[in-house]
Amino acid sequence: MKGGGEMLTLNQAANILKQDQLLREIVIGDDWRFEIPANLKDRRLQFLSYDSRRIAPDTLFMCKGLHFNEKYLEDAIDKGAVACVTENVYAGKDQHQVVQLVVNDVQKAMALLAREFYNNPQQELKVIGFTGTKGKTTSVYFARHLMNEVFDHKVAQLSSIAECLDGEHFEEAHLTTPESLDLFRMMRQAADNGMKYLIMEVSSQAYKKSRVYGLHFDIGVFLNIAADHISPVEHPSFEDYLYCKSQLMLNSSKVIINRECPYYDLLAQKALAAGNQVISFGSSQSNADYRYVVDSPHEFHVATFSSQQPQLTGRFKINIPGTFNDSNALAALVVGRQFSDDTAAFAKGLEKTTVPGRMEMLSNQRGLLACVDYAHNYLSLNESFKYMKNTYPNGRLIVVIGAAGGKAESRRKDIGEALAKYADVAILTSEDNFFEDPYKIDEEIKSHIDNPDVEVHINVDRAKAIQDAFNMARPGDVMFMAAKGREQFMHEKGHDIPYVGDYQLTKKLMREYDE
């Protein structure tokens, strides 16, 4: 539960919070104060946790969450928690057994305490963060693969699909950007494993919820932005979404920005105001520092148009479909070029790159085609659907798709509009319903499909919906399974329900339809 050497004393914890003006008061029973009593100053905090199910003796417990239930704190105290970080003074039956560090913001407090508890692992790693509405995961995979070719597998990864902390082994991820306590713990593990670089996705929620508070990036990359995650529980407006994503520009020594992003000037101004270096990339139609030209599907060449930047030239090949991935690959190349000039090794790494569940094409001898991808917002779907229609113009595009419940409600309209623009058949189904009725979600998507030529079906059983697509498909058609990729669970009413996975099921059905 706790790696070697990690520890804080109560007094150190209080002082860390004071330095950032987060500490309001210290409450011990009926005693309210601003200093830790002398007899408790050296009390060791051996473990940090925000999960009452994971408590060890001498734990500092984080009372985190919008609707935090004091029962969790009581459980933690019963299991050995000796102190807590909280925004509300606890006055329950166990109040005399716990030192309460009352703060203005638990999320920020947790980030700062975790950073110190794990001995500032960011100082032992070059940390690179990618943000954007579309392409974060693919760009992270590109960057890790190409840098591994040069730096002997000393590159760690945190992505929405998988985490790699030793350069070799992968574990399934649960958040795009982990909670700060988990983030700094994993960074410590990566550093202890001999990793020298960490490449990670940085979501808008990472800044909204202070998951990366107190973390400075060596390089921050801004890929693109379009309206997404607008809902009462995420971002109240596009401005808030953009603002949160733009915080990476303020917290990175170098920023690499897509010159064709409509908010490029704003992002560059923010970075420069913070004293950070700005580097741009884009297509040959832009005036970026680094530009790419598509030569053929999967191939492009790059040229440098700034004497102030390290030169990057050459022809590169990728094996992930979609011309939009040329842009993602260039972003990764520009990152790599900040650390090495071995573009031949970079080219080798790019060509090797595969991303589980991203634009994975499957076919069979009967002539059926399917693409499995995590695309779930307008920008991703629009680009993916456009690519499919251009690549397979003679068949129908059959899309199996849903939308997450309880968040990003604006996405349902966006999905409907993308389907209306490109799909021939739309099979609406479940994604991660959480506590919402999937029929309601699908009916909402359907209400925004205003093209009468689109054939619309609803089947909330996702596995059966994919089977429906196969039953409808004819040779030359392409099926597109959106949003779940290789994930083998569905979020349903507070539980993770086992699910076969879009890729796994599609691969199985491809074989069966050959028999």
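Structure: above.
From a predicted model like this one, the values you see are computed outputs, not experimental measurements.

**Here's the deal with unusual backbone geometry**
Positive phi is not limited to glycine here, since methionine 359 has a value of about 45°. By the secondary structure assignment, methionine 359 is in the loop between helix H10 (343–352) and strand S20 (360–363). If you check the backbone angles, phenylalanine 434 has positive phi at about 50° while not being a glycine. The topology assignment puts phenylalanine 434 in the loop between strand S23 (425–428) and helix H13 (438–447).

**Describing the pattern of salt bridges**
Under the criterion given, the structure shown has 29 salt bridges. In this structure, the salt-bridge partner of aspartate 192 is arginine 188, at a minimum N-O distance of 2.9 Å. In this pair, aspartate 192 and arginine 188 both sit in helix H5 (residues 180–192), four residues apart, roughly one turn of the helix. Overall, aspartate 192 belongs to the exposed group, its relative accessible area being 52%. For arginine 188, a relative accessible area of 7% translates into the label buried. Two residues, glutamate 436 and arginine 412, come together in a salt bridge whose shortest N-O distance is 2.5 Å. You can see glutamate 436 sitting in the loop between S23 and H13 and its partner arginine 412 sitting in helix H12 (residues 410–422), a full 24 residues away along the chain. Its relative accessible area of 16% is what places glutamate 436 among the buried residues.

**Quick look at the sheet that holds strand S2 (residues 23–28)**
The strand order across the open sheet formed by six strands is S3-S2-S8-S7-S6-S5, and the pairing between neighbours is mixed. Edge strands, defined here as strands with exactly one partner in the open sheet, are strand S3 (31–33) and strand S5 (47–49). Put simply, the sheet's adjacent strands are angled 20° from each other on average, direction ignored. When S2 meets S3, the two strands line up antiparallel, connected through three bridges. For isoleucine 26, the partnering residue across the bridge sits in S3 and is arginine 33.

**Examining the side chain of glutamate 234**
Along the chain, the position of glutamate 234 falls in the loop between strand S14 (217–222) and helix H7 (238–250). Buried charge without a partner: glutamate 234 forms no salt bridge, and the closest opposite charge is lysine 407, 5.0 Å away. If sequence neighbours within four positions are ignored, glutamate 234 has contacts with Gln205, Lys208, His229, Lys407 and Ala408.

**A closer look at the packing of helix H3 (residues 106–117) against H5**
Running from N to C, H3 and H5 point in directions that differ by 15°, and their axes come no closer than 8 Å. One way to sum up the angle between H3 and H5 is to call them roughly parallel. The two elements H3 and H5 cross, and the hand of that crossing is right-handed. Touching Gln107, Met110, Ala111, Ala114 and Arg115 of H3 are Ser180, Leu181 and Phe184, all from H5. By residue class, the composition of the contact of H3 with H5 is five nonpolar, two polar and one charged.

**Some details on the pairing of strand S9 (residues 126–131)**
The element S9 is extensively covered by neighbouring structure, given that five of its six residues are classed as buried. Strand direction decides the pairing type here: S9 and strand S13 (residues 197–201), joined by five bridges, are parallel. Each residue of the ladder has a partner; that of lysine 126, found in S13, is tyrosine 197. Note: S9 against S14, four bridges, orientation parallel. Residue pairing in the sheet places glycine 129 in a bridge with glycine 220 of S14.

**Concerning H5**
Its 13 residues give H5 an end-to-end C-alpha distance of 18 Å, which sits within 8% of 18 Å, the value for a rise of 1.5 Å per residue. Residues Ser180, Leu181, Asp182, Leu183, Phe184, Met186, Met187, Arg188, Ala190 and Ala191 constitute the buried set of H5. Positive phi appears at glycine 194, one or two residues downstream of H5, with a value of about 90°.

**Looking at the nonpolar core**
Phe130, Leu419 and Phe480 are the most contacted members of the largest nonpolar core, which totals 68 residues. When residues in this core are grouped by element, the largest group, eight residues, is from helix H9 (residues 324–337). Within the second largest apolar cluster, 67 residues are counted, among which are Tyr118, Ala156, Leu165 and Leu267.

**Some details on the environment of lysine 254**
Considering the arrangement of structural elements, one finds lysine 254 in strand S15 (residues 252–258). For the pair lysine 254 and glutamine 338, spaced 84 residues apart in the sequence, the C-alpha separation amounts to 9.5 Å. Those residues in contact with lysine 254 that lie beyond four places of it in its chain are Asp218, Ile219, Gly220, Gln277, Ile279 and Gln338.

**A closer look at the packing of aromatic side chains**
In total, this model carries 11 aromatic pairs according to the counting rule given. Here tyrosine 292 and phenylalanine 300 contribute two aromatic rings whose centre-to-centre distance is 6.2 Å and whose plane-to-plane angle is 80°, an arrangement assigned as edge-to-face. The residues tyrosine 292 and phenylalanine 300 share a single accessibility class, namely buried. Connected via pairs of aromatic rings, a cluster forms that spans Phe61, Phe68 and Tyr72. Between the NZ or CZ atom of arginine 291 and the centre of the ring of phenylalanine 305, over which it lies, the distance is 3.8 Å. Between the NZ or CZ atom of arginine 486 and the centre of the ring of tyrosine 503, over which it lies, the distance is 3.9 Å.

Parameters and conventions
- Residues numbered from 1 in each chain as written.
- Predicted model: local features only at pLDDT ≥ 70, side-chain atom pairs only at ≥ 80, totals over all residues.
- Heavy atoms only, no water.
- Helix = DSSP H or I, 4+ residues; strand = E, 2+ residues; numbered from the N terminus.
- Salt bridge = Lys/Arg side-chain N within 4 Å of Asp/Glu carboxyl O.
- Buried < 20%, exposed > 50% of the residue type's maximum accessible area, 1.4 Å probe, protein only.
- Pairing = 2+ DSSP bridges.
- Axes fitted to C-alpha atoms, helices over the stretch in contact; angles between N-to-C directions.
- Lys, Arg positive; Asp, Glu negative; His and termini not counted.
- Contact = heavy atoms within 4.5 Å.
- Parallel < 35°, antiparallel > 145°, perpendicular 65-115°, else oblique.
- Left-handed = near helix turned anticlockwise from the far one by under 90°.
- Nonpolar A, V, L, I, M, F, W, Y, C, P; charged D, E, K, R; others polar.
- Expected span 1.5 Å × (residues − 1).
- Core = buried A, V, L, I, M, F, W, Y, C linked by side-chain atoms within 4.5 Å.
- Phe/Tyr/Trp six-rings, centres within 6.5 Å; stacked < 30°, edge-to-face > 60°.
- Lys NZ or Arg CZ within 6 Å of the ring centre and 35° of its normal.

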